[in-house]
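# Summary of structural features
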Protein chains: 2
Amino acid sequence: MSDVPPRGFPVGEYERRASAAQAMLAEQRLDALLVCTEPEVRYFTGFHTPFWQSPTRPWFVVLPREGRPIAVIPSIGGASMGETWIQDIRTWPAPRPGNDGVSLLATTLHEVAGNEGRVGVPMGPETHLRMPLADWEDLQEATIDVTYQDATAVVKSLRMRKSELEIAKTAHVCGIVSDAFEGIPGLLAVGMTEREAFAAFRIDLLQRGADDVPYLVGATGPGFDDVIKQPSDRVIGEGDLLMFDTGTVFDGYFSDFDRYYAFGRADDAACRAHETVWDATEAGLAVLRPGSTTSDLWAAMADVLDAGGSLGNDVGRLGHGLGMQVTEWPSNSSDDDTVITEGMVLTLEPGLTWAPGCMMLHEENVVVREDGPELLSRRAPRELPVIA
Amino acid sequence: MSDVPPRGFPVGEYERRASAAQAMLAEQRLDALLVCTEPEVRYFTGFHTPFWQSPTRPWFVVLPREGRPIAVIPSIGGASMGETWIQDIRTWPAPRPGNDGVSLLATTLHEVAGNEGRVGVPMGPETHLRMPLADWEDLQEATIDVTYQDATAVVKSLRMRKSELEIAKTAHVCGIVSDAFEGIPGLLAVGMTEREAFAAFRIDLLQRGADDVPYLVGATGPGFDDVIKQPSDRVIGEGDLLMFDTGTVFDGYFSDFDRYYAFGRADDAACRAHETVWDATEAGLAVLRPGSTTSDLWAAMADVLDAGGSLGNDVGRLGHGLGMQVTEWPSNSSDDDTVITEGMVLTLEPGLTWAPGCMMLHEENVVVREDGPELLSRRAPRELPVIA
């Protein structure tokens, strides 16, 4: 396992993020950027807490055309935000349902963007507005002179390309998860229930140094098509397949890859499917370099899946971006066409249906370097591994 | 520890939820209810997966005036949704950024609500619309004849009052967490870092049978005012206070309570603060019964905090609802005024600042019974416990 990377980021990282966003605001003639979801707030401020799971309070960050972001947040977060590089922290005693930050945010936007200002808000794919819809309407009324414009491209283009400090966190957690997957033959056995297997694997990941395992899905059986499943009391038997897919985190950065095992013996068709998805990943790796597109990646993998007799899959794409969230922009799909650049962290995730009701996904995590992909997950074996 | 409650819910539970919501739709002359967030979709369907952490795909459930809910979801969720009581499952191959379910949802709404129909959508406090804002605008355009109206009251009033089957899940996880808190003196010691302490406690909770620990915050030191903090490399020393606050889950239902410990010796002021927040909780418990209000609860606890010399707190309320989310409606605040009914699961969470920069929160979880509160968390000791 690699050395543990440092926690958090130096202020310079946040300065670069803010400056890069501000350059795009200027290009788009936007006076400010408004964000309100966990990854965007964390990206610009470093504010990092699981408190976002509480739906009660909205949180806002306003990035002006110059200078540091301004936090407009519930008072419960003031102390935590005070530990970040943010200097201008405006709080209100949330929850206050009649006016949960709306007037404070309106004042801030007027101050920053001026009257008749233009404010960017992410409104496009993979974004949402984390505030009550009625509050959004109140805000628009309180800032009737302000024009709100979609700024998805600003956060998307920035977040897609990772810094070396971000990559080191993902690489570290991918190492932990690779070790844990390789340890499965010693951890799981026929006779355990799915629920026991999930618990053992989750604990093992934490014992190996992961901060948390927010995403763990899996299934057992001769075959299965539910690839986002929670465990049942089903007992693992001889001849079963096992799939685990986990988004495990270190310092707020995710891994996202899966592995398959067979218990006792492996079905021929399952073995062939495993080799096909592995080969498809090889084909993806072969075309992955700066300048190729996500749709090139998709095509290279889809060709191998088709040749391998795929009956299709329900996932809608063959991989995606990875970072502060378990899935991020872009999508490896037929029409995504995002141009791949150095520093992108991606999953390659070819999937096929190898028999009715039997889907197999295979996933690896990579970072794009000048000369091609660098694997962050440890490459799976081509042959479906069998636990004796 | 209590026996492990059964997983999931029988169909009758979902039928009751749907019927109760449909009665409210009729009262409000709404033709359908549209929900798109994890807890609401799970509440009406039983669809349960951590896949919601992926922001890529929107998910929709439409509850008509009669009959079962209709799922309008990405194809990747079709197999999982097929395991629930939902029969009408409409899928599209998401992600499809140009039209990510919008036209399928528009067709469904027209079919269910008719032309010029009225559709309820949660728009009020503690809700948000989990779909891109641009898609929401597209949907409104594609259903220009449909009136969308705030339906927060429908989901809020239903979800606030828990069934016995829901309560059993919360009670079970509260038992696990109570055991784990009581085990802290044997688990943690001076010389550990905060990070080591967090990891040990998280693993201990899982080993005791929790499904997951999505929410864990805490701090150590002579005093602290950041109550939503992630761990640092600070080493626990003699005379330190430790606070852990966890939202741990069993079968998708949360506990939410905290505990304090002192290492070696306890500061007098900290001891007095602990007794004050404990006494405030007693005062809350004394007035908690069907017919009293959340503001009565707030007043009873606030009086004790004031008398105990509180310098205020930044939390904005003294407890809240608890269930599928770590915080839910209602709020124990001065002006919330929600009438308490049997079956509500609440936290009592009095907090005070006992010295500048030193906040203490105390939390217990209760269910409201005909004759008053029943504790779900095991009551903390009044005296601040000291680990020798």
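Computed from a predicted model, the values in this text were never measured in an experiment. (Residues numbered from 1 in each chain as written. Chains lettered and ligands numbered in written order. Predicted model: local features only at pLDDT ≥ 70, side-chain atom pairs only at ≥ 80, totals over all residues.)

## Examining the nonpolar core
Side chains of a nonpolar character, in soluble globular proteins, are inclined to be buried together. Here is the rule we go by: Nonpolar cores are built from buried Ala, Val, Leu, Ile, Met, Phe, Trp, Tyr and Cys residues. These are joined into a set through C-beta atoms within 7 Å. Burial is judged by counting other C-beta atoms within 10 Å of a residue's own C-beta: 20 or more means buried, 12 or fewer means exposed, and anything between counts as partly exposed, with every C-beta placed from the backbone. Any two residues are considered in contact once their C-beta atoms, placed from the backbone, lie within 7 Å.
Met301 of chain A together with Met301 of chain B are the most contacted members of the largest nonpolar core, which totals 224 residues. Leaving out residues up to four positions away in the same chain, Met301 of chain B has contacts with Ala280, Ala283, Gly284, Leu318, Leu348 and Pro350 of chain B.

## What to know about the interface of chain B and chain A
Condition: What counts as a helix is a DSSP run of H or I of at least four residues, what counts as a strand is a run of E of at least two, and both are numbered from the N terminus. Under the scheme applied here, ten amino acids are nonpolar (Ala, Val, Leu, Ile, Met, Phe, Trp, Tyr, Cys and Pro), four are charged (Asp, Glu, Lys and Arg), and all others, including Gly, are polar.
On the side of chain A, 59 residues touch chain B, which itself brings 58 residues to the contact. At the level of elements, α3 (78-82), α5 (133-142), α9 (194-207) and β7 (212-221) of chain B are the ones that each hand at least two residues to the side of chain B that touches chain A. No other element matches the 5 residues that α9 of chain B contributes to the side of chain B that touches chain A. Looking at the side of chain B that touches chain A residue by residue, the class counts come to 27 nonpolar, 21 polar and 10 charged.

## Topic: the sheet that holds strand β17 (residues 372-375) of chain A
All names here are of chain A. Applicable threshold: Strands were regarded as paired on the criterion that DSSP finds at least two bridges between them. The convention used is that axes are lines fitted to C-alpha atoms, helices contributing only their stretch in contact, and that angles between N-to-C directions extend from 0 to 180 degrees.
Strand order in this open sheet of 5 strands is β12-β11-β13-β16-β17, and the pairing throughout is antiparallel. Edge strands, defined here as strands with exactly one partner in the open sheet, are β12 (328-331) and β17. Averaged over all neighbouring strand pairs, the angle between strand axes comes to 35 degrees, with direction disregarded.

## As for the relation of the copies chain B and chain A
Note the threshold: For the least-squares superposition of copies, only C-alpha atoms count, and only for residues with pLDDT at least 70 in both.
If you rotate chain B by 180 degrees and push it 0.0 Å along the axis, it lands on chain A with an RMSD of 0.0 Å. Between the two chains, the operation in question is that of a two-fold axis. Minimal C-alpha distance to the rotation axis in chain B is attained by Ile203 of chain B, lying at 3.0 Å. Interface overlap between copies: 100% of the residues of chain B at the interface are likewise at the interface in chain A, consistent with a symmetric, same-surface contact.

## Description of the domain arrangement of chain A
All names here are of chain A. Definition in use: What fixes the domain bounds is an automatic or database domain assignment.
When cut into domains, chain A gives domain 1 (11-159) and domain 2 (161-387). Here domain 1 and domain 2 have C-alpha centroids that lie 34 Å from each other. Contact residues are listed per partner, giving 8 residues for domain 1 and 8 residues for domain 2. Contributions of two or more residues to the side of domain 1 that touches domain 2 are made by α2 (38-45) and α6 (152-160). Per-element tally for the side of domain 1 that touches domain 2: the top contributor is α2, with 3 residues. Taken together, the residues of the side of domain 1 that touches domain 2 sort by class into 2 nonpolar, 1 polar and 5 charged.

## Let's talk about the pairing of strand β1 (residues 32-35) of chain A
Residue and element names in this part refer to chain A. In β1, alternate side chains face the same way, and those of Ala32 and Leu34 on one face and Leu33 and Val35 on the other are all buried. Inspection of the sheet shows β1 paired to strand β5 (residues 118-121) by 2 bridges, in the parallel sense. Directly across from Ala32, in β5, lies its bridge partner Val119. Of the pairings in the sheet, the one linking β1 to strand β2 (residues 60-64) comprises 4 bridges and is antiparallel in character.

## Digging into unusual backbone geometry
Omega for the bond connecting Trp329 of chain A with Pro330 of chain A falls within 30 degrees of zero, at -5 degrees, which places this linkage in the cis form. With respect to the helices, strands and loops of the structure, Pro330 of chain A is situated in strand β12. Following Ala94 of chain B, the chain continues to Pro95 of chain B via a peptide bond in cis, the omega torsion being 0 degrees. Among the structural elements, Pro95 of chain B can be located in the loop between β4 (88-92) and α4 (102-113). Phi is positive for Asp251 of chain A, close to 50 degrees, though the residue is something other than glycine. Mapped onto the elements, Asp251 of chain A comes out in the loop between β8 (241-250) and β9 (253-254).

## Describing the sheet that holds strand β5 (residues 118-121) of chain B
Residues and elements named next belong to chain B. Strand order in the open sheet made by the 6 strands is β4-β3-β2-β1-β5-β6, with mixed pairing throughout. In this open sheet, the two edge strands, each paired with only one partner strand, are β4 and β6 (147-150). This sheet shows a mean twist of 25 degrees between the axes of neighbouring strands, independent of strand direction. Of the strand pairs in this sheet, strand β3 (residues 70-74) and β4 are connected by 5 bridges, and their pairing is parallel. In the sheet register, Ala71 faces β4, and the bridge partner there is Ile89. Seen against the sheet, helix α2 (residues 38-45) touches β1 (32-35), β2 (60-64) and β3 and runs at an angle of roughly 45 degrees to β2.

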